[in-house]
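Observations on the three-dimensional arrangement
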Amino acid sequence: MKKLKMTVIVIVAVIALVAIALPTVLKKAGLHPDYNGEHYQFAGGRALIITTSHGFLAEPGSTEGDATGVFASEMTHPYYVFKAARMEVDVASIEGGQIPIDPLSFRRVIRSAEDERFLEDTVFQAKVKNSIAITSVDVSDYDVIFLAGGWGAAYDMGYSEDLGQLVSQAYYSSRKTIISSVCHGALGLIQAKGSDGNLLVSGRRVTGVTDKQIKELGIEVTPMHPETELRKAGAIFEAATAFRDIFATRVVVDEEQRFVTGQNQNSGLETAHTVVKLLAER
């Protein structure tokens, strides 16, 4: 009996140590990497972060499923990078109002320092609760639009004609607005057209979450996959890979320096910093 108790104590202790160490292990593996590059400022600039309005994960056409939405870090990372650059930051979504946030992204082993900051930031929370509908956005007010990802984006961002028009307007804005995305947010690019009627991403270097990562995570029920859709749209798709692509990361800037895209949930920080750098160097 004494040996059994000691065995149980040891097992419990091991489980506790693993639970404590797991966030550090995942970070060292590549989840939410730190940004170690140079920091720039663009004082007086304005940024708009756009997210999904879809809040559940299920077969297309279903009316309920597991809770999802924007992946928190894909919204919080750019927000705080732009704020640190002394920019004004607004938050919009496909439909406006309360933005659904994937609860998985707030789990202790996954959430980032910026996510924890958000949970204490009542101003940011109010923007998320009362997001601007994209149909109410005057894109000429912004120096950058940033399309955040998450599973929810697979259900509405690639289908939204309004978002496609907004991206097109941003491209032709007198501000020469930088168009940026991360992960599934890249789906918001596929309906944008140029003045010649061709898709803006056609022939352009971009990235987004890979088909490999989606398959590895076992969530293929979503109606759109960024790599597949970007390739269909004629984009030159680039991505990094790892033993599991959830630990990979890449940021791609097109030759015109108007599109800055990040591969997945690990790429938000570097993507946002790259945007600020390009703005500051103009």
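Residues numbered from 1 in each chain as written. Predicted model: local features only at pLDDT ≥ 70, side-chain atom pairs only at ≥ 80, totals over all residues. Heavy atoms only, no water.

1. With respect to the overall build of the chain
For the record, the criterion: Elements are defined by DSSP. Helices are runs of H or I of four residues or more, strands are runs of E of two residues or more, and each kind is numbered from the N terminus. The globule rule used for comparison is 2.2 Å times the number of residues to the exponent 0.38, while the radius of gyration itself is calculated over C-alpha atoms. Throughout, exposure labels follow a simple rule: accessible area from a 1.4 Å probe, protein chains only, divided by the maximum for the residue type, with under 20% read as buried, over 50% as exposed, and the rest as partly exposed. Contacts are assigned to residue pairs that have any heavy atoms within 4.5 Å of one another. Reported accessibility uses the Shrake-Rupley method at a 1.4 Å probe radius. Residues are deemed covered only where the shown protein chains occlude them. His is not counted here, nor are the chain ends, while Lys and Arg score as positive and Asp and Glu score as negative. Note that the charge is assigned to NZ on lysines, CZ on arginines, CG on aspartates and CD on glutamates.
Within the chain, the secondary structure is distributed over nine helices and eleven strands. Taking 19 Å as the expected radius of gyration for a compact globule of 282 residues, we find that the chain reaches 19 Å, a close match to that expectation. Principal-axis analysis of the C-alpha atoms gives the chain an extent of 80 × 40 × 35 Å. By the burial criterion, 52% of the 282 residues in the chain qualify as buried. Considering only contacts within the chain whose residues lie at least 6 apart along the sequence, 77% involve residues at least 24 apart. Carbon and sulfur atoms make up 53% of the accessible area of the chain, which totals about 13,100 Å². Distance between charge centroids for the chain: 8 Å, based on 28 positive and 34 negative side chains.

2. Section: the confidence of the model for the chain
The cut-off we apply is this: Scored from 0 to 100, pLDDT records how confident the predictor is in each individual residue.
Put simply, the chain has an average pLDDT of 93, and 92% of its residues get 70 or more. Predicted confidence is poor over residues 4-19, with pLDDT under 50, and the contacts of this stretch with residues over four places away or in other chains come to one contact.

3. Regarding the environment of Gly-150
Within the element layout of this structure, Gly-150 appears in the loop between β6 (144-147) and α5 (153-156). Placed 62 residues apart in sequence, Gly-150 and Lys-212 show a C-alpha to C-alpha distance of 16 Å. Dropping the residues within four chain positions of it, Gly-150 is found in contact with Gly-69, Val-70, Phe-71, Glu-74 and His-184.

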